[in-house]
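Here is how the chains run, residue by residue.
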Amino acid sequence: MFQIQVDQDELKQIYLEEIQKRLNKIELEITFWDTKELKRQTNMSWNTIQDKFFHDPDFPKFNTGGKWYFPAKECRAFLERWAKDNQYKSLLSQEAI
């Protein structure tokens, strides 16, 4: 007779790591975001995106006759820099209050 014992916490950790690996792989397969995906990735409305960073000359984008596309890898890097830079700006503006 066999008896098998499973550490539930270890099993859960392995499961979560495998899910994260697959999510990372899917993320790498996406080359371009469209406006819908950009809104989803940033959790911002289109008006907020346009108001905050869309017109920044460093923001990676291109238009194909009426539809905007955003290179996913470059866009993510820009957004991370933008968020970091603007976090400090918002902290400075709060100190002025």
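Structure report, in brief. (Residues numbered from 1 in each chain as written. Predicted model: local features only at pLDDT ≥ 70, side-chain atom pairs only at ≥ 80, totals over all residues. Heavy atoms only, no water.)

## Description of the sheet that holds strand 1 (residues 32-34)
For clarity, the threshold we go by: Only strands that DSSP links by at least two bridges are regarded as paired with each other. Helix and strand assignments follow DSSP, with helices taken as H or I runs no shorter than four residues and strands as E runs no shorter than two, numbered in order from the N terminus. Throughout, a contact is declared for two residues whenever any of their heavy atoms are within 4.5 Å. Fitted lines through C-alpha atoms give the axes, limited to the stretch in contact for helices. The angle between two N-to-C directions lies from 0 to 180 degrees.
Across the sheet, which stays open at both edges, the 3 strands sit in the order 1-3-2 with antiparallel pairing between neighbours. The outermost strands of the open sheet, each flanked by one partner alone, are strand 1 and strand 2 (62-63). Lying over the sheet, helix 2 (residues 35-42) contacts strand 1 and strand 3 (68-71), oriented at roughly 95 degrees with respect to strand 1.

## Quick notes on the side chain of Thr-42
Quick note on the threshold: In this scheme, a residue with accessible area under 20% of its type's maximum is buried, one over 50% is exposed, and one in between is partly exposed, where area comes from a 1.4 Å probe on protein chains only. Throughout this description, a polar contact denotes any pair of N or O atoms lying within 3.5 Å of each other; where both atoms belong to protein, one of them has to be capable of donating a hydrogen while the other can accept it, and for residues adjacent in sequence the pair is counted only when both atoms sit in side chains.
Relative to the helices and strands, Thr-42 is located in helix 2. By relative accessible area, which is 17% here, Thr-42 ends up buried. Among the polar contacts listed, one links the side chain of Thr-42 to the backbone oxygen of Lys-39, at a separation of 3.5 Å. Discounting chain neighbours no more than four positions away, the residues touching Thr-42 are Ile-49, Phe-53 and Leu-79.

## Examining the environment of Asn-63
With respect to the element layout, Asn-63 can be found in strand 2. A distance of 2.8 Å separates a polar side-chain atom of Asn-63 from the backbone nitrogen of Gly-65. Among the polar contacts listed, one links the side chain of Asn-63 to the backbone nitrogen of Gly-66, at a separation of 2.7 Å.

## What to know about helix 2
Every α-helical turn comprises 3.6 residues, leaving residues that sit three or four positions apart pointing alike. As a reminder of what qualifies: Here, the arc refers to the directions that run from the helix axis to the C-beta atoms.
Looking at helix 2, one finds that the buried residues are Glu-37, Leu-38 and Thr-42. Along the long axis of helix 2, the arc covered by the buried residues comes to 125 degrees, so they all point the same way. Opposite the buried face of helix 2, by more than 90 degrees, sit the exposed residues Lys-36 and Arg-40. Taken from the residues just after helix 2, Asn-43 is the one with a positive phi, measuring 60 degrees.

## Focus on unusual backbone geometry
Only a minority of non-glycine residues have a phi that is not negative, and only a minority of peptide bonds are not trans. Positive phi, normally seen in glycine, also occurs at Asn-43, with a value near 60 degrees. Tracing the sequence through the fold places Asn-43 in the loop between helix 2 and helix 3 (46-54).

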